[in-house]
Amino acid sequence: MKYLEVNKKDTEQIKKLLEKIKAFDKTRKIIQNKNKILIPILNISNGKIKKHIVKLFDYSILNLKAKIQKQGSRIDQNQSKNFKKYENIARGYDILGNIAIIKYINKSEKSKKLIGKAEQIAKWIINSNPSIKTVVAQTSPISGKFRLRKFKYISGIKTFIATYKENNCIFKFDIRKTFFSNRLSYERSRINKLIKPKEAIIVMFAGIGPFAIVIAKQHKLTNIICIELNKNAVHYLKENIKLNKIGNIKAELGNVKKIYSKYKNFANRVIVPMPKSSIDYLDQILSVCQKTAIIHIYVFGDRDTVFAKTSKAIEEHARKNNYKAKILFKRIVRPYSAKEIEIVVDFKISKSTKK
Ligand SMILES: C[S@@+](CC[C@H](N)C(=O)[O-])C[C@H]1O[C@@H](n2cnc3c(N)ncnc32)[C@H](O)[C@@H]1O
């Protein structure tokens, strides 16, 4: 995986330049290494980077092993030395406000024997990060229709309720009973910047409300409908609406396949953050749209084919239903598995006037 190693003082400027030439890989974390910073970059030609950056700054391009980029941004070289001791058990950790989540590599006997060491990792994490009060370990992959994962308490205050701040909003949720990913924070901020004052928005698969709340908090005149099947997620969605003092979101508990019919032709924007199956909901998406609307759809798929397949599915579906679809934007959101990535495609549909 490629990184640009730069002087710490130049980080922000170089990051902006990389963003401008679409070379900054937002799916990976920036790593600090003494007084150098490693900025993750996409696999674009070194020539393109040279052309834009070489004259202005000192830098070098590094190719690091995947293992390193899995470690969190807050693991500097010293920490990483300590961390190495434990890497048989955990590969980095994620932080959701007050809770740090370490991952077991697998369920092998060796891992089980080493679980005792998780407490040492946890103490080290709590000592080095004052805001972290609890450490848990993720013991299963995300699965099921509610997209949940299993956790085991390791150390600190015994709770599974996270309080997490992002994009000027605060979110509370039970990590065992609801889905939440901090890796989508850039996407929430990106979409928020596209919103105009009085939009009518539907967030399908809304979870505990991160997309909707980030938008509603800043755009008070928008009218937002959230649809979510998991009653625990809806419970926290309602709590988060109160916590953030928001008045322009309605939470609907139920299946998108049923609830959509209450909102036919309602939306000028639809957000569909269910990458596992969102492409199966094109009928419902189209049905809730006004004559023209913008859709942000998240999809998992094979790195080499997912963009083409998604665009084709969108365009064919629109054509069959007498709509035009125009792809406005697409990007990789994050790697998902060895072969698969999560992508987002923004597209506009407009009712065709041809008979
Ligand atoms: C990948 S999560 C996304 C949650 C949230 N939008 C976020 O970004 O944090 C997908 C969500 O869709 C919900 N879900 C799954 N199937 C659904 C359905 N048929 N109708 C409504 N919600 C559904 C799950 O419970 C889960 O909360």
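Described below are features of the structure shown in this document. (Residues numbered from 1 in each chain as written. Predicted model: local features only at pLDDT ≥ 70, side-chain atom pairs only at ≥ 80, totals over all residues. Heavy atoms only, no water.)

1. Description of the nonpolar core
Note the cut-off: What makes a nonpolar core is a set of buried Ala, Val, Leu, Ile, Met, Phe, Trp, Tyr and Cys residues whose side-chain atoms join them at distances within 4.5 Å. Note on classification: 1.4 Å probe, protein chains only; a residue is buried when its accessible area is under 20% of the maximum for its type, exposed when over 50%, partly exposed between these limits. Strands here mean DSSP runs of E at least two residues long; helices mean DSSP runs of H or I at least four residues long; both are numbered from the N terminus. Any two residues whose heavy atoms approach within 4.5 Å at even a single point are treated as in contact.
F173, I175, V203, I224 and I249 are the most contacted members of the largest nonpolar core, which totals 40 residues. Of all the secondary-structure elements, those providing two or more residues to this core are strand 6 (99-104), strand 9 (161-166), strand 10 (169-174), strand 11 (200-203), helix 8 (210-218), strand 12 (223-228), helix 9 (231-243) and strand 13 (249-253). At six residues, helix 8 tops the list of elements feeding residues into this core. For I249, the contacting residues outside a window of four places in its chain are A212, I213, A216, I224, C226 and I241. I227, F266, V288 and C289 belong to the second largest nonpolar core, which has 34 residues in total.

2. Quick look at helix 12 (residues 306-320)
Spelled out, the test is: What a helix is expected to span follows from its residue count: subtract one and scale by 1.5 Å. In this description, one arc is meant: the one made by directions from the helix axis to the C-beta atoms.
The end-to-end C-alpha distance of helix 12, which contains 15 residues, comes to 21 Å, matching closely the 21 Å that a straight helix rising 1.5 Å per residue would cover. Listing the buried residues of helix 12 in full gives V306, T310, S311, I314, H317 and A318. The buried side chains of helix 12 occupy one side of the element, clustering within an arc of 140° when seen end-on. More than 90 degrees from the buried face of helix 12, the exposed residues found are A308, K309, K312, R319 and K320. Looking at the packing, one finds that the buried side of helix 12 touches helix 11 (282-288), strand 15 (289-302), strand 16 (323-335) and strand 17 (340-351).

3. A closer look at the side chain of D25
Residue position: D25 is located in the loop between helix 1 (11-20) and strand 2 (31-33). Given the relative accessible area of 9%, D25 is considered buried. If we ignore the near neighbours within four places in the chain, the residues touching D25 are P40, I41 and L42.

4. Topic: the pattern of salt bridges
The cut-off we apply is this: Salt bridge, as applied in this entry: a Lys or Arg side-chain nitrogen positioned within 4 Å of an Asp or Glu carboxyl oxygen.
Across all of its chains, the model carries 15 salt bridges by this definition. Among the ionic pairs, K15 bridges to E12, the shortest N-O distance being 4.0 Å. Residue K15 and its partner E12 are both found in helix 1; the two are separated by three residues, about one turn of the helix. On the accessibility criterion, E12 (47% relative accessible area) is partly exposed. The salt bridge involving E199 is made with R269; its shortest N-O contact spans 2.6 Å. Linking E199 in the loop between helix 7 (185-194) and strand 11 with R269 in strand 14 (residues 267-272), this pair joins segments that are 70 residues apart in sequence. We classify E199 as buried; its relative accessible area is 6%. Connected through shared salt-bridge partners, E187, R190, R331 and D346 make up one network.

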